[in-house]
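# Breakdown of the fold
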Amino acid sequence: MSTPGPDRVPSTVRIEKKSGQGKPPAGAKKATPAPKQAGAGPKGGGAKGGGPKGGGGPGPKGGPGPKGGGGKGRKPIKPVTVSSGRSWGPIAIIGGVVVLVLGIIGWGVLATVQNDKPWQDKAAAIKGIVNYRAQHNPKIDSRQHKDGTLTYVTNPPVGGDHNPVWQNCMGDVYTAPIANEHAVHSLEHGAVWVTYKQGLPADQVAKLKSKVQGKEYLLMSPIANLDANVSLQAWGYQLKVDNASDKRIDQFIQALRLNATMEPSAVCSGGNTTTGPVTAASNGTSMPQSGN
């Protein structure tokens with residue numbers, strides 16, 4: 001080793017210390033400049049090792065720059081935005097479908113219960129209906145076959161003695177009054193007799209006709225001295241309404257047609273088809289019951 005002369009100063013290597021760190025490890029080799037990596041800033045710390053501009057310590061140009069870092073830079077992570085609101089459209093649709101289904105089921109159950117009711121209960125539920133059976137009037141309850149003209153308790157009649165021949169009731173529509181004596185016999189067979197006041201407007205008559213024509217165990221005719229526009233009769237029952245569009249007309253027919261019969265299985269065909277009063281003997285002679 002040569003002794004330095006007066007004019008020669010030993011060369012020294014200045015090693016900058018990192019803040020908060022001791023000396024470099026013993027035996028550390030001189031760092032080889034690392035290849036430039038993408039994302040590292042030109043003056044960033046940590047990309048280059050050990051030069052006057054390198055190192056991780058705070059030098060004049062060292063330290064982490066705006067684009068510096070320890071290697072390849074990471075793209076900033078975009079925050080995930082979570083919507084706190086609900087989409088009520090699908091919920092409303094599902095709710096509506098559920099309500100609709102429940103309504104259909106409820107209606108079906110109600111209809112089944114209604115259909116299971118006895119016909120007498122259905123008749124009793126019709127507003128304004130009169131149940132003459134409950135009065136036990138012998139002039140109404142009597143079912144003798146008699147010839148000639150007979151007198152009845154109500155107008156139109158709802159029961160009582162009657163002519164041996166029934167009025168044809170296969171959905172027949174009569175445009176003139178028919179004999180009460182024939183019509184009452186039809187009631188005994190289970191028919192519903194639809195009557196209307198003479199002079200009722202044509203549109204009202206047409207409405208009634210549409211409910212009767214061609215339907216078994218129904219007949220229709222005008223009647224004199226009626227105190228309502230429309231009157232419906234079954235054996236022992238009567239309903240009077242003021243308009244042919246009254247929904248109770250259909251209710252009466254549905255509840256009482258055939259159900260109110262006094263002679264189950266008795267027919268409505270083969271009866272009298274003429275209008276006007278009875279033409280047989282007028283002495284009111286009792287006739288033997290023929291079972292029809």
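Here we summarise the structure given alongside this text.

About the thresholds
- Residues numbered from 1 in each chain as written.
- Predicted model: local features only at pLDDT ≥ 70, side-chain atom pairs only at ≥ 80, totals over all residues.
- Heavy atoms only, no water.
- Helix = DSSP H or I, 4+ residues; strand = E, 2+ residues; numbered from the N terminus.
- Buried < 20%, exposed > 50% of the residue type's maximum accessible area, 1.4 Å probe, protein only.
- Contact = heavy atoms within 4.5 Å.
- Polar contact = N/O pair within 3.5 Å; in protein donor to acceptor, adjacent residues only side chain to side chain.
- Phe/Tyr/Trp six-rings, centres within 6.5 Å; stacked < 30°, edge-to-face > 60°.
- Pairing = 2+ DSSP bridges.
- Axes fitted to C-alpha atoms, helices over the stretch in contact; angles between N-to-C directions.
- Core = buried A, V, L, I, M, F, W, Y, C linked by side-chain atoms within 4.5 Å.

Of note, the amide linkage connecting N155 to P156 takes the cis form, showing an omega dihedral of -5°. Looking at the element boundaries, P156 is found in the loop between strand 2 (145–146) and strand 3 (170–173). Despite not being glycine, N225 has its phi angle at roughly 60°, a positive value. Structurally, N225 is set in the loop between strand 5 (218–223) and strand 6 (230–234). Residue class for N225 comes out exposed when judged on its relative accessible area of 74%. In this structure, S265 takes a positive phi of about 75° despite not being glycine. Its location among the elements puts S265 in the loop between helix 6 (247–256) and strand 8 (286–287). Take S265: its relative accessible area is 75%, and that puts it in the exposed class.

Residue position: G276 is located in the loop between helix 6 and strand 8. For G276 and A176, which are 100 residues apart along the polypeptide, the C-alpha to C-alpha distance reads 7.2 Å. With residues up to four places along the chain from it excluded, the contact list for G276 reads P177, I178 and A179.

Position of T151 among the secondary structure elements: in the loop between strand 2 and strand 3. Remark: the alpha-carbon pair of T151 and K139, spanning 12 residues in sequence, is separated by 9.4 Å.

Right, let's get into the side chain of H182. Examined against the element boundaries, H182 turns out to sit in helix 4 (residues 180–188). Judged by relative accessible area, which is 10%, H182 ranks as buried. Within the local environment of H182, its side chain forms a polar contact with the backbone oxygen of V165, the two atoms lying 2.7 Å apart. Among all residues touching H182, those that are not within four sequence positions of it are N163, V165, W166, Q167, N272 and V278.

Now for the side chain of N272. Assignment of secondary structure puts N272 in the loop between helix 6 and strand 8. There is a polar contact of 3.0 Å between the side chain of N272 and the side chain of Q167. Reaching out from N272, the side chain makes a polar contact with the side chain of T274 at a distance of 3.0 Å. If sequence neighbours within four positions are ignored, N272 has contacts with V165, W166, Q167, N168, Y174 and H182.

Following the criterion strictly, the structure yields 1 aromatic pair and no others. A ring pair is formed by W119 and Y237, whose centres lie 5.8 Å apart and whose planes are at 70°; its orientation type is edge-to-face. Residue W119 is found in helix 2 (residues 119–124), and its partner Y237 is found in strand 7 (residues 237–241); the two are separated by 118 residues along the sequence. With respect to burial, W119 and Y237 carry one shared label: buried.

The subject of this paragraph is the sheet that holds strand 5. Taken in spatial order, the 6 strands of this open sheet run 1-7-6-4-5-3, and their pairing is mixed. Each having just a single partner strand, strand 1 (130–131) and strand 3 make up the two edges of the open sheet. Inspection of the sheet shows strand 1 paired to strand 7 by 2 bridges, in the antiparallel sense. If you follow V130 over to strand 7, its bridge partner there is Q238. Those strands touched by helix 5 (residues 202–212) are strand 3, strand 4 (192–197), strand 5 and strand 6, and its axis lies near 155° from that of strand 5.

V192, L208, L232, Y237, F252 and L256 are the most contacted members of the largest nonpolar core, which totals 26 residues. For this core, the elements supplying multiple residues, two or more each, are helix 2, strand 4, helix 5, strand 5, strand 6, strand 7 and helix 6. In terms of residues, this core owes the most to one element, helix 6, which gives 5 residues. Setting aside its immediate chain neighbours within four residues, L256 contacts W119, A123, I129, G190, V192, A234 and Y237. Within the second largest apolar cluster, 16 residues are counted, among which are C169, W193, Y217 and I223.

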